[in-house]
Amino acid sequence: MMTPDEILRGLYDETLVGNGPAVLGLTNDALQQGMEPQTLLFDALIPSLEEVGARFERGDFFVPEMLIAGRAMAGAMEVLRPLLADTGVQTIGKFLMGTVKGDVHDIGKNLVNIMLEGAGFEVIDLGVQVPPEKFVAAIEEHQPDIVGMSAFLTTTMPMFKANMNALQKAGIRDEVIVMVGGAPVTQEYADAVGADGYAADASATVKKAKELIQ
Ligand code: B1M
(Lines give C-alpha, C1' and ligand atoms only; values in the text may rest on other atoms or scores of the structure.)
Protein backbone atom coordinates (compact mmCIF):
# COMPACT_ATOMS: atom_id res chain seq x y z
CA MET A 1 0.00 0.00 0.00
CA MET A 2 1.20 3.52 -0.80
CA THR A 3 1.88 5.92 2.05
CA PRO A 4 -0.03 9.25 2.16
CA ASP A 5 3.15 11.06 1.07
CA GLU A 6 3.56 8.73 -1.91
CA ILE A 7 -0.06 9.30 -2.87
CA LEU A 8 0.32 13.10 -2.70
CA ARG A 9 3.54 12.95 -4.71
CA GLY A 10 1.84 10.67 -7.25
CA LEU A 11 -1.17 12.97 -7.52
CA TYR A 12 1.10 15.97 -8.08
CA ASP A 13 3.20 14.18 -10.71
CA GLU A 14 0.30 12.58 -12.58
CA THR A 15 -1.68 15.85 -12.68
CA LEU A 16 1.41 17.59 -14.04
CA VAL A 17 1.56 15.17 -16.97
CA GLY A 18 -2.23 15.09 -17.37
CA ASN A 19 -2.68 11.40 -16.64
CA GLY A 20 -6.40 11.47 -15.84
CA PRO A 21 -6.93 7.77 -15.05
CA ALA A 22 -3.93 7.73 -12.68
CA VAL A 23 -5.15 10.89 -10.91
CA LEU A 24 -8.60 9.37 -10.51
CA GLY A 25 -7.14 6.08 -9.23
CA LEU A 26 -4.91 7.83 -6.71
CA THR A 27 -7.78 10.05 -5.54
CA ASN A 28 -9.93 7.00 -4.87
CA ASP A 29 -7.04 5.20 -3.13
CA ALA A 30 -6.40 8.23 -0.95
CA LEU A 31 -10.04 8.50 0.10
CA GLN A 32 -10.18 4.77 0.82
CA GLN A 33 -7.23 5.23 3.13
CA GLY A 34 -9.10 7.98 4.95
CA MET A 35 -7.12 10.94 3.62
CA GLU A 36 -8.95 14.28 3.71
CA PRO A 37 -10.26 15.70 0.40
CA GLN A 38 -8.82 19.11 1.36
CA THR A 39 -5.36 17.59 1.72
CA LEU A 40 -5.53 16.20 -1.81
CA LEU A 41 -6.63 19.56 -3.16
CA PHE A 42 -4.30 21.89 -1.32
CA ASP A 43 -1.22 19.68 -0.98
CA ALA A 44 -1.19 18.09 -4.43
CA LEU A 45 -3.76 19.05 -7.08
CA ILE A 46 -3.66 22.86 -6.84
CA PRO A 47 0.16 23.06 -6.42
CA SER A 48 0.48 20.84 -9.48
CA LEU A 49 -1.66 23.17 -11.60
CA GLU A 50 0.41 26.10 -10.32
CA GLU A 51 3.50 24.33 -11.63
CA VAL A 52 1.70 23.71 -14.94
CA GLY A 53 1.08 27.47 -15.17
CA ALA A 54 4.72 28.22 -14.33
CA ARG A 55 5.93 25.82 -17.03
CA PHE A 56 3.51 27.39 -19.52
CA GLU A 57 4.92 30.83 -18.70
CA ARG A 58 8.48 29.56 -19.20
CA GLY A 59 7.52 28.05 -22.54
CA ASP A 60 8.16 24.48 -21.34
CA PHE A 61 4.45 23.59 -21.59
CA PHE A 62 1.95 24.57 -24.27
CA VAL A 63 -1.86 24.77 -24.35
CA PRO A 64 -2.41 20.99 -24.88
CA GLU A 65 -0.37 20.15 -21.77
CA MET A 66 -2.29 22.78 -19.82
CA LEU A 67 -5.54 21.32 -21.12
CA ILE A 68 -4.86 17.71 -20.16
CA ALA A 69 -3.56 18.72 -16.73
CA GLY A 70 -6.76 20.74 -16.23
CA ARG A 71 -8.87 17.76 -17.28
CA ALA A 72 -7.02 15.45 -14.89
CA MET A 73 -7.71 17.88 -12.04
CA ALA A 74 -11.36 18.24 -13.05
CA GLY A 75 -11.79 14.44 -12.98
CA ALA A 76 -10.51 14.33 -9.40
CA MET A 77 -12.79 17.20 -8.45
CA GLU A 78 -15.84 15.25 -9.57
CA VAL A 79 -14.95 12.61 -6.97
CA LEU A 80 -14.17 15.19 -4.28
CA ARG A 81 -17.20 17.41 -4.93
CA PRO A 82 -19.80 15.46 -2.92
CA LEU A 83 -17.38 15.08 -0.03
CA LEU A 84 -16.57 18.78 0.08
CA ALA A 85 -20.07 20.08 -0.57
CA ASP A 86 -22.23 17.71 1.43
CA THR A 87 -22.40 19.07 4.94
CA GLY A 88 -26.14 18.93 5.32
CA VAL A 89 -26.23 22.53 6.52
CA GLN A 90 -29.25 24.75 5.86
CA THR A 91 -29.28 27.13 2.91
CA ILE A 92 -27.93 30.50 3.99
CA GLY A 93 -28.14 32.42 0.71
CA LYS A 94 -28.33 32.23 -3.06
CA PHE A 95 -25.11 32.69 -5.06
CA LEU A 96 -25.12 33.16 -8.82
CA MET A 97 -21.77 32.39 -10.37
CA GLY A 98 -20.13 32.59 -13.79
CA THR A 99 -16.82 33.01 -15.62
CA VAL A 100 -16.86 36.22 -17.68
CA LYS A 101 -17.22 36.47 -21.44
CA GLY A 102 -14.14 35.43 -23.41
CA ASP A 103 -12.79 33.24 -20.61
CA VAL A 104 -13.05 29.43 -20.59
CA HIS A 105 -11.28 28.70 -17.28
CA ASP A 106 -13.63 26.98 -14.87
CA ILE A 107 -11.67 24.80 -12.46
CA GLY A 108 -11.19 27.63 -9.96
CA LYS A 109 -14.80 28.77 -10.31
CA ASN A 110 -16.03 25.21 -9.77
CA LEU A 111 -13.91 24.88 -6.66
CA VAL A 112 -15.37 28.11 -5.29
CA ASN A 113 -18.86 26.72 -6.03
CA ILE A 114 -18.11 23.50 -4.17
CA MET A 115 -16.88 25.37 -1.09
CA LEU A 116 -19.89 27.72 -1.17
CA GLU A 117 -22.25 24.74 -1.37
CA GLY A 118 -20.37 23.15 1.50
CA ALA A 119 -20.97 26.29 3.55
CA GLY A 120 -24.70 26.23 2.84
CA PHE A 121 -25.10 28.52 -0.17
CA GLU A 122 -27.41 27.51 -3.00
CA VAL A 123 -25.22 27.98 -6.08
CA ILE A 124 -26.53 28.65 -9.56
CA ASP A 125 -23.67 28.22 -12.02
CA LEU A 126 -23.95 29.97 -15.38
CA GLY A 127 -20.80 28.26 -16.66
CA VAL A 128 -18.06 29.95 -18.68
CA GLN A 129 -17.94 32.76 -21.23
CA VAL A 130 -20.97 34.40 -19.65
CA PRO A 131 -21.89 37.64 -21.47
CA PRO A 132 -23.20 40.66 -19.50
CA GLU A 133 -26.77 40.20 -20.77
CA LYS A 134 -26.81 36.63 -19.44
CA PHE A 135 -25.72 37.81 -15.98
CA VAL A 136 -28.51 40.41 -16.10
CA ALA A 137 -31.17 37.92 -17.21
CA ALA A 138 -30.10 35.36 -14.60
CA ILE A 139 -30.16 37.95 -11.80
CA GLU A 140 -33.68 38.94 -12.83
CA GLU A 141 -34.76 35.29 -12.98
CA HIS A 142 -33.11 33.92 -9.84
CA GLN A 143 -32.93 36.99 -7.55
CA PRO A 144 -29.64 35.90 -5.92
CA ASP A 145 -28.19 37.48 -2.80
CA ILE A 146 -24.74 37.56 -4.39
CA VAL A 147 -23.52 37.42 -7.97
CA GLY A 148 -19.96 36.12 -8.35
CA MET A 149 -17.84 36.76 -11.42
CA SER A 150 -14.59 34.95 -12.16
CA ALA A 151 -11.91 36.11 -14.61
CA PHE A 152 -8.62 34.26 -15.03
CA LEU A 153 -6.92 36.30 -17.73
CA THR A 154 -5.70 39.86 -17.63
CA THR A 155 -7.46 40.27 -20.97
CA THR A 156 -10.87 39.22 -19.60
CA MET A 157 -10.77 41.12 -16.29
CA PRO A 158 -12.21 44.26 -17.97
CA MET A 159 -15.44 42.29 -18.43
CA PHE A 160 -16.14 42.93 -14.72
CA LYS A 161 -16.64 46.60 -15.53
CA ALA A 162 -18.75 45.75 -18.59
CA ASN A 163 -20.92 43.53 -16.37
CA MET A 164 -21.26 46.25 -13.74
CA ASN A 165 -22.33 48.71 -16.43
CA ALA A 166 -24.90 46.22 -17.73
CA LEU A 167 -26.29 45.74 -14.22
CA GLN A 168 -26.46 49.49 -13.76
CA LYS A 169 -28.20 49.96 -17.10
CA ALA A 170 -30.76 47.27 -16.25
CA GLY A 171 -31.45 49.07 -12.95
CA ILE A 172 -30.51 46.05 -10.82
CA ARG A 173 -27.06 47.04 -9.53
CA ASP A 174 -28.39 47.85 -6.07
CA GLU A 175 -30.37 44.62 -5.84
CA VAL A 176 -27.35 42.32 -5.63
CA ILE A 177 -24.03 42.09 -3.91
CA VAL A 178 -21.26 41.67 -6.50
CA MET A 179 -18.14 39.62 -5.78
CA VAL A 180 -15.22 39.20 -8.17
CA GLY A 181 -12.22 36.91 -8.18
CA GLY A 182 -9.77 34.85 -10.21
CA ALA A 183 -6.02 34.44 -10.34
CA PRO A 184 -5.03 37.89 -11.73
CA VAL A 185 -7.68 39.84 -9.75
CA THR A 186 -6.70 41.98 -6.76
CA GLN A 187 -8.60 43.88 -4.09
CA GLU A 188 -7.53 47.12 -5.80
CA TYR A 189 -8.95 45.93 -9.12
CA ALA A 190 -12.18 44.84 -7.44
CA ASP A 191 -12.49 48.29 -5.85
CA ALA A 192 -11.76 49.99 -9.17
CA VAL A 193 -14.63 48.20 -10.92
CA GLY A 194 -17.00 48.93 -8.05
CA ALA A 195 -17.45 45.37 -6.79
CA ASP A 196 -18.69 44.86 -3.23
CA GLY A 197 -16.28 42.05 -2.45
CA TYR A 198 -13.15 40.23 -3.55
CA ALA A 199 -11.52 37.03 -2.37
CA ALA A 200 -8.28 35.37 -3.39
CA ASP A 201 -9.31 31.73 -3.02
CA ALA A 202 -12.26 29.45 -2.41
CA SER A 203 -12.25 29.47 1.38
CA ALA A 204 -11.74 33.25 1.49
CA THR A 205 -14.75 33.54 -0.85
CA VAL A 206 -16.94 31.66 1.61
CA LYS A 207 -15.78 33.87 4.47
CA LYS A 208 -16.34 37.08 2.50
CA ALA A 209 -19.73 35.94 1.14
CA LYS A 210 -20.96 35.17 4.68
CA GLU A 211 -19.78 38.59 5.84
CA LEU A 212 -21.50 40.36 2.94
CA ILE A 213 -24.93 38.76 3.48
CA GLN A 214 -24.96 39.55 7.22
CO1 B1M B 1 -5.00 28.99 -18.99
N2 B1M B 1 -3.99 30.54 -18.33
N3 B1M B 1 -5.10 29.83 -20.77
N4 B1M B 1 -5.83 27.34 -19.53
N5 B1M B 1 -4.46 28.26 -17.35
C6 B1M B 1 -3.68 30.57 -16.90
C7 B1M B 1 -4.82 31.23 -16.11
C8 B1M B 1 -2.31 31.37 -16.87
C9 B1M B 1 -2.10 32.13 -15.54
C10 B1M B 1 -1.13 30.43 -17.14
C11 B1M B 1 0.18 31.16 -17.06
O12 B1M B 1 0.58 31.81 -18.00
N13 B1M B 1 0.87 31.06 -15.94
C14 B1M B 1 -2.49 32.31 -18.08
C15 B1M B 1 -3.14 33.67 -17.82
C16 B1M B 1 -2.14 34.80 -17.82
C17 B1M B 1 -2.83 36.09 -17.53
O18 B1M B 1 -3.64 36.56 -18.27
N19 B1M B 1 -2.50 36.65 -16.37
C20 B1M B 1 -3.33 31.44 -19.00
C21 B1M B 1 -3.43 31.62 -20.42
C22 B1M B 1 -2.51 32.67 -21.02
C23 B1M B 1 -4.33 30.88 -21.22
C24 B1M B 1 -4.59 31.02 -22.74
C25 B1M B 1 -4.67 32.47 -23.24
C26 B1M B 1 -3.48 30.22 -23.45
C27 B1M B 1 -3.48 30.34 -24.96
O28 B1M B 1 -4.41 29.94 -25.60
N29 B1M B 1 -2.43 30.90 -25.47
C30 B1M B 1 -5.93 30.28 -22.92
C31 B1M B 1 -7.15 31.20 -22.77
C32 B1M B 1 -8.44 30.54 -23.12
C33 B1M B 1 -9.62 31.45 -22.79
O34 B1M B 1 -10.10 31.44 -21.67
N35 B1M B 1 -10.07 32.24 -23.74
C36 B1M B 1 -5.86 29.32 -21.75
C37 B1M B 1 -6.48 28.07 -21.77
C38 B1M B 1 -6.41 27.15 -20.72
C39 B1M B 1 -6.97 25.73 -20.83
C40 B1M B 1 -8.31 25.64 -21.57
C41 B1M B 1 -5.95 24.89 -21.54
C42 B1M B 1 -7.01 25.30 -19.32
C43 B1M B 1 -8.37 25.59 -18.65
C44 B1M B 1 -9.12 24.37 -18.26
C45 B1M B 1 -10.35 24.71 -17.46
O46 B1M B 1 -10.38 25.61 -16.61
N47 B1M B 1 -11.40 23.98 -17.74
C48 B1M B 1 -6.00 26.26 -18.69
C49 B1M B 1 -5.40 26.03 -17.41
C50 B1M B 1 -5.62 24.69 -16.76
C51 B1M B 1 -4.61 27.05 -16.76
C52 B1M B 1 -3.82 26.95 -15.45
C53 B1M B 1 -2.58 26.11 -15.70
C54 B1M B 1 -4.55 26.39 -14.25
C55 B1M B 1 -5.84 27.12 -13.89
C56 B1M B 1 -6.45 26.47 -12.68
O57 B1M B 1 -7.40 25.73 -12.82
N58 B1M B 1 -5.86 26.70 -11.48
C59 B1M B 1 -3.50 28.49 -15.18
C60 B1M B 1 -2.21 28.68 -14.41
C61 B1M B 1 -2.43 28.98 -12.95
O62 B1M B 1 -3.50 29.27 -12.51
N63 B1M B 1 -1.39 28.97 -12.21
C64 B1M B 1 -3.74 29.12 -16.48
C65 B1M B 1 -6.29 26.06 -10.24
C66 B1M B 1 -7.48 26.80 -9.62
C67 B1M B 1 -7.94 26.05 -8.37
O68 B1M B 1 -7.02 28.09 -9.25
O69 B1M B 1 -8.08 29.20 -11.25
O70 B1M B 1 -6.74 30.58 -9.60
P71 B1M B 1 -7.63 29.43 -9.85
O72 B1M B 1 -8.95 29.66 -8.95
C73 B1M B 1 -8.86 30.11 -7.58
C74 B1M B 1 -8.85 31.63 -7.41
O75 B1M B 1 -8.59 32.34 -8.61
C76 B1M B 1 -10.17 31.97 -6.77
O77 B1M B 1 -10.53 30.77 -6.11
C78 B1M B 1 -10.14 29.66 -6.90
C79 B1M B 1 -10.01 28.44 -6.01
O80 B1M B 1 -9.10 28.64 -4.94
N81 B1M B 1 -11.32 32.37 -7.57
C82 B1M B 1 -12.27 33.22 -7.07
C83 B1M B 1 -11.72 31.99 -8.80
N84 B1M B 1 -12.89 32.56 -9.11
C85 B1M B 1 -13.25 33.31 -8.06
C86 B1M B 1 -14.39 34.10 -7.86
C87 B1M B 1 -14.52 34.77 -6.64
C88 B1M B 1 -13.51 34.68 -5.67
C89 B1M B 1 -12.38 33.89 -5.87
O90 B1M B 1 -15.56 35.54 -6.34
C91 B1M B 1 -16.67 35.54 -7.19
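Residues numbered from 1 in each chain as written. Predicted model: local features only at pLDDT ≥ 70, side-chain atom pairs only at ≥ 80, totals over all residues. Heavy atoms only, no water.

An unreviewed UniProt entry annotates the protein as 5-methyltetrahydrofolate--homocysteine methyltransferase of Jatrophihabitans endophyticus.

### Looking at the packing of aromatic side chains
As a reminder of what qualifies: Ring pairs shown here join Phe, Tyr and Trp side chains whose ring centres sit within 6.5 Å, with only the six-membered ring taken for Trp; geometry is labelled stacked below 30 degrees between planes, edge-to-face above 60, and tilted in between. Helix and strand definitions here come from DSSP, where helices need a minimum of 4 consecutive H or I residues and strands a minimum of 2 consecutive E residues; each element is numbered from the N-terminal end. Burial classification: accessible surface area is computed with a 1.4 Å probe over protein chains only, and a residue below 20% of its type maximum counts as buried, one above 50% as exposed, and the rest as partly exposed.
In this structure the tally under the stated criterion is 2 aromatic pairs. Look at Phe 95 and Phe 121: their rings are 5.9 Å apart centre to centre, the planes differ by 85 degrees, and that puts the pair in the edge-to-face class. Of this pair, Phe 95 sits in strand S1 (residues 93-99) while Phe 121 sits in strand S2 (residues 121-125), and the two are 26 residues apart along the sequence. Taking the relative accessible area as the measure of exposure, Phe 121 reaches 4% and is therefore buried. An angle of 55 degrees between the planes, with centres 6.3 Å apart, marks the rings of Phe 160 and Tyr 189 as tilted. Here Phe 160, found in helix H7 (residues 159-169), pairs with Tyr 189, found in helix H8 (residues 187-192); they are 29 residues apart in sequence, far enough to count as distant.

### A closer look at unusual backbone geometry
One non-glycine residue with positive phi stands out, namely Gln 129, at about 50 degrees. By the secondary structure assignment, Gln 129 is in the loop between S2 and helix H6 (132-142). On the basis of relative accessibility, which here comes to 41%, the residue Gln 129 falls in the partly exposed class. Unusually for a residue other than glycine, Gln 143 sits at a positive phi of about 50 degrees. Here Gln 143 is to be found in the loop between H6 and strand S3 (146-150).

### Examining the pattern of salt bridges
When the charged atoms of two side chains lie near each other, side chains of opposite charge can form a pair. Put simply, the test is: Note on definitions: salt bridges are taken to be side-chain nitrogens of Lys or Arg within 4 Å of carboxyl oxygens of Asp or Glu.
Counted under the stated rule, the structure contains 8 salt bridges. Residues Asp 60 and Arg 58 are paired through a salt bridge, measuring 3.0 Å at the closest nitrogen-oxygen approach. Looking at Asp 60, the relative accessible area reads 45%, which means it is partly exposed. A salt bridge links Arg 81 to Glu 117; its shortest N-O distance comes to 3.5 Å. Within this pair, whereas Arg 81 is found in helix H4 (residues 63-85), its partner Glu 117 is found in helix H5 (residues 107-118), the two being separated by 36 residues in sequence.

### Focus on the coordination of the cobalt atom of the ligand
Rules: Any N, O or S atom lying within 2.8 Å of the metal counts as a donor, with the limit raised to 3.2 Å for Na, K and Ca; because water is left out of the atom set, some sites can appear incomplete.
Of all protein atoms, His 105 (NE2) alone acts as a donor to the cobalt atom of the ligand, lying 2.2 Å away. Mapping His 105 onto the fold places it in the loop between S1 and H5.

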